[in-house]
Amino acid sequence: MATRATAKPDDWKRLPFAAMSPIPYRAAFDPAQFAELAKGLRPEVMEDKWFIYLDGLDLYFHRSWTGHGVYRVGFERHGETYRVVSALCAKPMLATHGAEYQARCLDFLVENLLLGGSKPFPRPADVAESAPGAFQHGFSGSGYREVPVVRRPWWTFWR
């Protein structure tokens, strides 16, 4: 399991973020939850696929092997609540499964890797796997229960 001591930006290799686009991830966290998010995640073993750190009120997600930036989440504090005000995803990730799916993946990472939850992994229904759980393992290094997610046709988003 990855270290839960507070991760800092220079603790791991990381590349600058390339072109990004918004995704529909919204959430709110109480102070205790935000303190857990602020710890981030430093990889320790090969199965740890993510390097995650908080810098100011922005939470950054980089792939641990390559250092590529994938997600960036911006927060604002409203009283005792920290609300997500922006969520961005690297465009190459969006080309594969779309913004709605990437928001689900980001939620999975936040809930499970940072907050210790057990939210099911949103496996794309159209992904063929060589072995059950292979797609999830490649994405997150985890083995949570999975739920298939069917990608909606693009034209249904305007209905």
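Before reading on, note that the structure itself is shown above.
Heads up: these notes are all about the structure in this document.

Analysis parameters
Once a new chain begins, its residue numbering starts again from 1 and follows that chain's sequence as written. Reporting of local features is limited, given that this is a predicted model, to residues whose pLDDT is at least 70; pairs of side-chain atoms are given and counted only at 80 or more, and all residues count toward the totals for whole chains, interfaces and linings. Calculation of side-chain values draws on the structure's entire complement of heavy atoms; hydrogens and water are dropped beforehand. We count a stretch as a helix when DSSP gives it H or I for four or more residues in a row; a strand needs E for two or more, and each element gets its number in order from the N terminus. Here the term buried applies to any residue with accessible area under 20% of the maximum for its type, exposed to any over 50%, and partly exposed to those in between, with areas from a 1.4 Å probe on protein chains only. Where accessible areas are quoted, they stem from the Shrake-Rupley method and a 1.4 Å probe; at the residue level, only the protein chains shown are allowed to cover. Positive: Lys, Arg. Negative: Asp, Glu. His and the chain ends are not part of the count. Charge placement uses NZ in Lys and CZ in Arg. For Asp and Glu, CG and CD serve respectively. By salt bridge we mean one thing: a side-chain nitrogen of Lys or Arg within 4 Å of a carboxyl oxygen of Asp or Glu.

### What about the overall build of the chain?
- Scanning the chain from N- to C-terminus turns up three helices and eight strands.
- Sequence-ordered secondary structure for the chain, helices as α and strands as β, is β-β-α-β-β-β-β-α-β-α-β.
- For the C-alpha atoms alone, the extent of the chain along its principal axes is close to 40 × 35 × 30 Å.
- When the 159 residues of the chain are sorted by exposure, 40% land in the buried category.
- In the form shown here, the chain has an accessible surface area of approximately 8500 Å², with 57% of it arising from carbon and sulfur atoms.
- The distance from the centre of the 20 positive side-chain charges to the centre of the 17 negative ones in the chain is 5 Å.

### Describing the pattern of salt bridges
- Per the stated rule, a full pass over the model turns up eight salt bridges.
- Residue E129 is joined to R123 by a salt bridge in which the shortest nitrogen-to-oxygen separation is 3.8 Å.
- Looking at E129, the relative accessible area reads 27%, which means it is partly exposed.
- In this structure R123 comes out as buried when scored by relative accessible area, which is 17%.
- Residues participating in the shared-partner salt-bridge network are R123, E129 and E146.

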